[in-house]
Amino acid sequence: MELRTVEELMDLLYACRGTRDVRGRGGVPVDAHDHALRTAALLRRGRPADKELQVAGLVRPVGRLLWPGEPALRADRAADAIRVLLGERVAGLVRCHPGPGAPSDDGLLALRAADEEACAAWFDAGVLEDWRTVLELLAARNSRLGMVD
């Protein structure tokens, strides 16, 4: 599957609400939608100029939703699904995020730290609609035709 529009991606991200397979402190289930928003918000605070890194933290739950029964393949397939829409760097960050043994470049380290902090931190990270413009800008930059639906 390949996501071709920001609207398709937004629909999937909204559908992540209530998905509780991300584990917080003590094995407490954490809502994947809220976790993604907190991860992206933490990355926005720490690296305000790196929109690709922020979006990688935001779109990570897409793999869980599209391939719920295949945990080993989720990251690869999620990366493949968003590559055309959001570009190689975002796809690469999603693919490598955040497991042990992943290459440790600066972006991945920041992503891993924000992911872990988002499991423990409880704050208002805004709403998904706040990210639409950033997603549209990245999609426009990475679009084959230079157009976004």
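First, a word on scope: everything that follows refers to the structure included in this document. The numbers attached to residues start from 1 for each chain and follow its sequence in the written order. This being a predicted model, a pLDDT of at least 70 is required before a residue's local features are given, and a value of 80 or more before pairs of side-chain atoms are given or counted; all residues contribute to the totals for chains, interfaces and linings. With hydrogens and water set aside, each side-chain value is computed from the structure's full complement of heavy atoms.

### Describing the packing of helix α2 (residues 32-46) against helix α3 (residues 51-59)
Right, so step 1: Axes, fitted as lines to C-alpha atoms, cover a helix only where it is in contact. Angles between the N-to-C directions of the axes lie from 0 to 180 degrees. A run of H or I in DSSP counts as a helix once it spans at least four residues, and a run of E counts as a strand once it spans at least two, with each numbered from the N terminus. Following both chains from N to C, one finds α2 and α3 inclined at 165°, their axes separated by 7 Å at the closest point. With respect to α3, the element α2 is oriented roughly antiparallel. For the element pair α2 and α3, the recorded crossing hand is right-handed. Within the contact between the two elements, α2 uses Ala36, Leu37, Thr39, Ala40, Leu43 and Arg44 and α3 uses Leu53, Gln54, Gly57 and Leu58. Roughly parallel covers angles under 35 degrees, roughly antiparallel covers those over 145, roughly perpendicular covers 65 to 115, and oblique covers all other angles. Note: crossing handedness is left-handed where the near helix turns anticlockwise from the far helix by less than a right angle, and right-handed where it turns clockwise. In what follows, residue pairs with any heavy atoms lying within 4.5 Å of each other are defined as contacts.

### With respect to helix α5 (residues 74-86)
Right, so step 1: Across its 13 residues, α5 extends 17 Å between first and last C-alpha, which sits within 8% of the 18 Å expected from 1.5 Å per residue.
Right, so step 2: Categorising residues by exposure relies on relative accessible area from a 1.4 Å probe, with only protein chains included: less than 20% of the type maximum marks a residue as buried, more than 50% marks it as exposed, and the intermediate range marks it as partly exposed. Along α5, the residues that are buried comprise Arg74, Ala78, Ala79, Ala81, Ile82, Leu85 and Leu86.
Right, so step 3: Along its buried surface, α5 packs onto α1 (6-15), α3, α4 (62-66), α6 (88-96) and α8 (132-142). Here a helix's expected span is defined as the number of its residues, less one, multiplied by 1.5 Å.

### Focus: helix α7 (residues 106-120)
Right, so step 1: The end-to-end C-alpha separation of α7 is 22 Å, in line with the 21 Å expected for 15 residues at 1.5 Å each.
Right, so step 2: Considered for burial, the residues of α7 that qualify are Gly107, Leu108, Ala110, Leu111, Arg112, Ala114, Asp115, Ala118 and Cys119.
Right, so step 3: The N-cap residue of α7 is aspartate 105: its side-chain oxygen and the backbone nitrogen of glycine 107 are 3.1 Å apart. N or O atoms within 3.5 Å of each other form a polar contact, as long as, within protein, one can give a hydrogen and the other can take it, and as long as residues adjacent in sequence are counted only when both atoms are side-chain atoms.

### Side note on the nonpolar core
In summary, soluble globular proteins display a tendency toward joint burial of nonpolar side chains.
Right, so step 1: Grouped together as the largest cluster of nonpolar side chains are 38 residues, with contacts concentrated most on Leu9, Val59, Leu86, Val90 and Leu135.
Right, so step 2: Looking at this core, the elements that each hand over two or more residues are α1, α2, α3, α5, α6, α7 and α8.
Right, so step 3: Residues in contact with leucine 86, not counting those within four places in the same chain, are Leu9, Val55, Val59, Leu135, Leu138, Ala139 and Asn142. We call a set of buried Ala, Val, Leu, Ile, Met, Phe, Trp, Tyr and Cys residues a nonpolar core when their side-chain atoms join them within 4.5 Å.

### Brief notes about the pattern of salt bridges
Right, so step 1: When a carboxyl oxygen of Asp or Glu is within 4 Å of a side-chain nitrogen of Lys or Arg, the pair counts as a salt bridge. For the structure shown, the criterion picks out 12 salt bridges.
Right, so step 2: Here arginine 132 and glutamate 7 are joined by a salt bridge, their closest N and O atoms 2.8 Å apart. Taken as a pair, arginine 132 in helix α8 and glutamate 7 in helix α1 lie far apart in primary sequence, 125 residues in all.
Right, so step 3: Looking at glutamate 7, the relative accessible area reads 38%, which means it is partly exposed.

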